[in-house]
Amino acid sequence: MTREQVANLCASDERLTGELENKTIKWLSDWNIQSDATGKTTPIDLAMFQERYGGEVEWTQCVYEERYDKLANCINSDEGIDFFYAGNFDAFPKGAVRGMFVPVDDYIDFDSEIWADVKDANDSVMWNGKHYMTVVQVTGDNCAVIYNRDTIKELGYEDPAVLFENGEWTWEVFQDMLEDFVDPANNKFGLDGWWFEGALSATTGVPYIGLEDGKLVNNLSDPAIERVQNFMYDLNTANAIAIGVGDYGWTDHPEYIGEGKLLFYPVGLWKIWDGNKDADTGLPAWKKTFGENCFFVPMPQDPDADEYYLPASMDSYMFVAGGHNPEGVAKYLECKRVSLMNDDAIRIGNEQFIADYEWNDEMIAMKTKMDEMALANPVFDFMNGVSADLATILDSSESGVRAAGKGHPWNESLAAIKDAVDTLIEEANSAQ
């Protein structure tokens, strides 16, 4: 990608309009939007912002766990931080309730062509009649099942990618493969990681905490939640969940995928877009961990759901209270949208991704398919976006939504937490 290519692309796309008087937008995060030390190229959307508007992103770095404290301090000292990442699902709606973020409706027209594909997604997360969160893209990369094709082939199993293509990648097949593989005495373990509980639950299409008509909703008593919790309880009973089984210990071991000791590792696709190279092998870190012949598929389909739902991610942003350049942020986010709509930008972006992370065309195609599925039937869960107290209750391995996978019956967990969750949801709704 050359800057001349990007400039020509921007000049020929009539969806990018207007100019910016203030060309600097201030970004607070634990990660940098711009190129980093791994040598990856400038993201196409940022290059478009730079070429079309002369834009610049000024990064204020923070520690992930301390980012809200840092943001509060920046707001109080009028440092003019303009935007903040919302894709972790913990900024909304609590940040809107607390006045840390402001509506974007004066700066972004969700009825325009640029935002048409994600208008429904943005309208579904309104609060008090306003758009506080700007969803640029709905993606299916929140949690995928990583596996090693060499291991699958050696076992004589059907490749999960083939099963998925044939419409046969379901809970039952997933469970059968796990139970057939697991043999803790011989270092054969099933399902590892800290993300599979919420990801499996999302395949029902019912979030733990949803948002309907601008109000938070507690879905813990929904039959779909009971069904998936019982499914995870059964996986635990069969020793298919690796953590704590045999000699596995209480730490995750993604490297066991590459060693053939572990069948599945569900995790966000961020785990395999690490551009750092292993010093000994020269391989990207993800290939060293998962093996050169690793691949991924979506979470398996819930056979009783009305659609094939995936745990959706959002590339989404909040406008910070007291920001000095909301107009600039709006133009940058429009560049991000156009980079997802312009065929040349999509091609350049995919080429960059392959070059930076050593993916192949098949991986790009699978991610694209997952993104399309997530946009068609998004499942957004706000269990981490209401309050720290609610997140602590629900994330518990003893009585929360992780408990069934650790051997605790769901009916007991639900009885223990339902009233407290109802109270916290009512408090948040009444704060509008």
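Report follows, based on the coordinates. The model shown is predicted, which means the values in this text are computed figures rather than measured ones.

## Focus: the overall build of the chain
Reasoning step 1: On a plain count of helices and strands, the chain comes out with 17 helices and 14 strands.
Reasoning step 2: Computed over C-alpha atoms, the radius of gyration of the chain comes to 22 Å, within 12% of the 22 Å expected from 2.2 N^0.38 for 432 residues, which places it in the range of a compact globule.
Reasoning step 3: A principal-axis box enclosing the C-alpha atoms of the chain has dimensions of 65 × 50 × 35 Å.
Reasoning step 4: A total of 432 residues make up the chain; the buried ones form 54% of that total.
Reasoning step 5: Sequence-distant contacts, at least 24 apart, represent 77% of the contacts inside the chain between residues at least 6 apart.
Reasoning step 6: Counting only carbon and sulfur atoms, one obtains 43% of the accessible surface of the chain, whose full area is about 18,400 Å².

## Description of the pattern of salt bridges
Reasoning step 1: Evaluation of the coordinates by the stated rule reveals 24 salt bridges.
Reasoning step 2: Between Asp117 and Arg337 there is a salt bridge whose closest N-O contact spans 3.8 Å. With Asp117 in the loop between strand 4 (101-102) and helix 5 (119-123) and Arg337 in helix 13 (residues 326-339), the pair connects residues that are 220 residues apart, well separated along the chain.
Reasoning step 3: Between Lys336 and Asp315 there is a salt bridge, and its shortest N-O distance comes to 3.5 Å. Highlighted residues: Lys336 in helix 13 and Asp315 in strand 13 (residues 313-320), separated in sequence by 21 residues. Just as Lys336 is buried, Asp315 falls in that class too.
Reasoning step 4: Overlapping salt bridges, with partners in common, bring together Glu197, Asp395, Arg402 and Lys406 in one network.

## Thoughts on the sheet that holds strand 7 (residues 189-191)
Reasoning step 1: Pairing is mixed in the open sheet, where four strands are placed in the order 7-10-6-11. With one partner strand each, in any of the chains shown, strand 7 and strand 11 (294-298) form the two edges of the open sheet. On average, each strand axis in the sheet is inclined to that of its neighbour by 30 degrees, with strand direction left out of account.
Reasoning step 2: With three bridges connecting them, strand 6 (residues 144-148) and strand 10 (residues 262-267) associate as antiparallel partners. By the bridge assignment for strand 10, Ile146 is matched with Tyr265.

## Overview of the packing of aromatic side chains
Reasoning step 1: Evaluation of the coordinates by the stated rule reveals 34 aromatic pairs.
Reasoning step 2: Pairing Tyr248 with Tyr256 gives two aromatic rings, centres 5.4 Å apart and planes at 90 degrees, and the pair type is edge-to-face. The exposure classification of Tyr248 matches that of Tyr256, with both residues buried.
Reasoning step 3: Ring pairing ties together the aromatic residues Trp27, Trp31, Phe49, Tyr53, Phe83, Tyr85, Tyr317 and Tyr332, which thus form one cluster.
Reasoning step 4: A cation over an aromatic ring shows up here: Lys261 above the ring of Tyr256, its NZ or CZ 4.7 Å from the ring centre.

## Focus on the pairing of strand 9 (residues 215-218)
Reasoning step 1: The two faces of strand 9 differ: Leu216 and Asn218 on one face are buried, but Lys215 and Val217 on the other face are not.
Reasoning step 2: As defined by bridge partners, strand 8 (residues 209-212) adjoins strand 9 across four bridges and the pair is classed as antiparallel. Looking at the pairing, Gly210 lines up with Val217 of strand 9.
Reasoning step 3: A loop of two residues connects strand 8 with strand 9, the two strands running antiparallel in sequence, and Asp213 in this loop sits at a positive phi of about 55 degrees.

## What about the nonpolar core?
Reasoning step 1: Counting 105 residues, the largest nonpolar core has Trp169, Leu200, Ile209, Phe264, Phe296 and Trp359 as its most contacted members.
Reasoning step 2: Among the elements that line this core, the one with the most residues is helix 17 (residues 410-430), at seven residues.
Reasoning step 3: In this structure, Val6, Ile33, Ile114 and Phe319 belong to the second largest nonpolar core, which totals 34 residues.

## Regarding the packing of helix 2 (residues 44-53) against helix 13
Reasoning step 1: It is the contact of helix 2 with helix 13, at a shortest axis distance of 8 Å, that shows an interaxial angle of 125 degrees. Considering the angle they form, helix 2 stands oblique to helix 13. Crossing handedness for the pair helix 2 and helix 13: right-handed. Mapping the contact onto sequence places Ile44, Asp45, Leu46, Met48, Phe49 and Tyr53 in helix 2 and Gly328, Lys331, Tyr332, Glu334, Cys335, Lys336, Val338 and Ser339 in helix 13.

## Let's talk about the environment of Cys74
Reasoning step 1: Mapping Cys74 onto the fold places it in helix 3 (residues 67-76).
Reasoning step 2: Excluding residues that lie within four positions of it along the chain, Cys74 makes contacts with Glu79 and Ile81.

## Quick word on the state of the cysteines
Reasoning step 1: Following the criterion strictly, the structure yields zero disulfides and no others.
Reasoning step 2: Its sulfur unpaired, Cys143 is 14 Å from the next cysteine sulfur, which belongs to Cys294.
Reasoning step 3: Residue Cys294 is classed as buried on the basis of its relative accessible area of 7%.

## Description of a nonpolar patch on the surface
Reasoning step 1: Taken together, the side chains of Trp194, Trp195 and Trp270 make up a nonpolar region of the molecular surface, amounting to roughly 310 Å² of accessible area.
Reasoning step 2: Inspection of the secondary structure assignment puts Trp270 in the loop between strand 10 and helix 12 (285-290).
Reasoning step 3: A residue is classified by how much of its surface remains accessible, and Trp270, at 43% relative accessible area, is partly exposed.

What counts, and at which threshold
Residues numbered from 1 in each chain as written. Predicted model: local features only at pLDDT ≥ 70, side-chain atom pairs only at ≥ 80, totals over all residues. Heavy atoms only, no water. Helix = DSSP H or I, 4+ residues; strand = E, 2+ residues; numbered from the N terminus. Rg over C-alpha atoms; globule rule 2.2 N^0.38 Å. Buried < 20%, exposed > 50% of the residue type's maximum accessible area, 1.4 Å probe, protein only. Contact = heavy atoms within 4.5 Å. Areas by Shrake-Rupley, 256 points an atom, 1.4 Å probe, with all protein chains shown as cover. Salt bridge = Lys/Arg side-chain N within 4 Å of Asp/Glu carboxyl O. Pairing = 2+ DSSP bridges. Axes fitted to C-alpha atoms, helices over the stretch in contact; angles between N-to-C directions. Phe/Tyr/Trp six-rings, centres within 6.5 Å; stacked < 30°, edge-to-face > 60°. Lys NZ or Arg CZ within 6 Å of the ring centre and 35° of its normal. Core = buried A, V, L, I, M, F, W, Y, C linked by side-chain atoms within 4.5 Å. Parallel < 35°, antiparallel > 145°, perpendicular 65-115°, else oblique. Left-handed = near helix turned anticlockwise from the far one by under 90°. Disulfide = S-S within 2.5 Å. Patch = residues over 30% accessible without salt bridge, like charges linked within 9 Å, V, L, I, M, F, W, Y side chains within 5 Å.

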